[in-house]
Amino acid sequence: MDIFAKINSLNKPEYTIKEMNDHFKEYGIFTIIFIISFISLIPTPLGPILSPFGLSITSAIFAVFIFLLSVQLLFNKKTPYLPEFINKKKINVTFLKSKKAIKFKTYIEKIKLIFKYRLTKIVNPVSKIVTSIVFMMLTLIMMIPIVLTNFVPGLMISLVSLALLLNDGLLFLVFLILSIIIIILYYFIFKKLINIFV
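Residues numbered from 1 in each chain as written. Predicted model: local features only at pLDDT ≥ 70, side-chain atom pairs only at ≥ 80, totals over all residues. Heavy atoms only, no water.

Peer 1: Explain the overall build of the protein chain to me, and be specific about the residues and the numbers.
Peer 2: The number of helices and strands found in the protein chain is nine helices and two strands. The linear arrangement of helices and strands in the protein chain, starting from the amino end, is α-β-α-α-α-α-β-α-α-α-α. Within the protein chain, counting contacts between residues at least 6 apart in sequence, those at least 24 apart form 76% of the total. (Helix = DSSP H or I, 4+ residues; strand = E, 2+ residues; numbered from the N terminus. Contact = heavy atoms within 4.5 Å.)

Rendered as structure tokens:
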């Protein structure tokens, strides 16, 4: 079943993280990371309350979820494991049927057309370890309670994951390098902000 068909097959309004994990586990950790990061990009108030700084509760949960999966990738785990307190967290998925979500999925389907089966040797155990470290750093940025720290890192995680899933070594390399550049840019931005306010 196609990833997006699997997303559409979610037929309850709420799922626990464990239920989401079980629903998508047949696809492997990178697919679960892609799906979770993709869901986090859809412009909707997923968590019931936005913090004063613009970070939703659910965005933070997604970031923690992806971080833990990335740590497992670092150690070459095949089956994802999450602690019980995260497994019990609930996510409202009714927004996946919204017009915004459908429009967003259409954009992703169009993006998929640019992916080709090329430079597949780049996708290897070493590059996956580097990817897991990059994902961990991107999710740390997503956890920072400041506006605009969620979308860009989440988008890069989605694109890198999709390139890996579709075996496009060229775009995987491009998106991975872009992700590293973005991490460096955020570092200097945060450093500048700290110097201004401290």
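So, next bit.
Peer 1: Tell me about helix α9 (residues 169–197), residues and numbers included.
Peer 2: In this model α9 runs 42 Å from its N-terminal to its C-terminal C-alpha over 29 residues, within 8% of the 42 Å that 1.5 Å per residue would give. Residues of α9 that are buried sit in contact with α7 (125–143) and α8 (151–165). Regarding α9, its N-cap is aspartate 168, as a side-chain oxygen of that residue lies 3.2 Å from the backbone nitrogen of leucine 170 further along. (Expected span 1.5 Å × (residues − 1). Polar contact = N/O pair within 3.5 Å; in protein donor to acceptor, adjacent residues only side chain to side chain.)

Peer 1: How would you sum up the packing of aromatic side chains? Please name residues and give values.
Peer 2: What the rule picks out here adds up to three aromatic pairs. With a centroid separation of 6.3 Å and an interplanar angle of 75 degrees, the aromatic rings of phenylalanine 30 and phenylalanine 135 are classed as edge-to-face. One end of the pair, phenylalanine 30, is in helix α3 (residues 29–41); the other, phenylalanine 135, is in helix α7, with 105 residues separating them in the sequence. It is lysine 12 that lies over the ring of tyrosine 15; its NZ or CZ is 4.9 Å from the centre. (Phe/Tyr/Trp six-rings, centres within 6.5 Å; stacked < 30°, edge-to-face > 60°. Lys NZ or Arg CZ within 6 Å of the ring centre and 35° of its normal.)

Peer 1: Please set out the side chain of threonine 139 residue by residue, giving values where relevant.
Peer 2: Take threonine 139: it is sitting in helix α7. The class of threonine 139 is buried, set by a relative accessible area of 0%. One polar contact links the side chain of threonine 139 to the main-chain carbonyl oxygen of methionine 136, over a distance of 2.8 Å. Residue contacts for threonine 139: discarding those within four places in its chain leaves Ala63, Ile66, Phe67 and Ile157. (Buried < 20%, exposed > 50% of the residue type's maximum accessible area, 1.4 Å probe, protein only.)

Peer 1: So what's going on with the packing of α3 against α8? Which residues, and what values?
Peer 2: Where α3 meets α8, the closest approach of the two axes is 8 Å, and the angle between their N-to-C directions is 145 degrees. Pair α3 / α8 crosses with left-handed handedness. Of the residues in α8, those touching α3 at Phe30, Thr31, Ile33, Phe34, Ser37, Phe38 and Leu41 are Phe151, Gly154, Leu155, Ile157, Ser158, Ser161, Leu162, Leu164 and Leu165. Counted by class, the contact of α3 with α8 contains eleven nonpolar, five polar and no charged residues. (Axes fitted to C-alpha atoms, helices over the stretch in contact; angles between N-to-C directions. Left-handed = near helix turned anticlockwise from the far one by under 90°. Nonpolar A, V, L, I, M, F, W, Y, C, P; charged D, E, K, R; others polar.)

Peer 1: I'd like to hear about the side chain of serine 161, residue by residue, with values.
Peer 2: Mapping serine 161 onto the fold places it in helix α8. Of note is the side chain of serine 161, whose polar atom sits 2.8 Å from the backbone oxygen of isoleucine 157.

Peer 1: Give me the lowdown on the confidence of the model for the protein chain, citing residues and values where you can.
Peer 2: This prediction gives the protein chain a mean pLDDT of 78; 79% of its residues lie at or above 70. Every residue in residues 45–55 scores below 50 in pLDDT, and together they form 20 contacts with partners more than four places removed in sequence or on other chains. (pLDDT = per-residue confidence, 0-100.)

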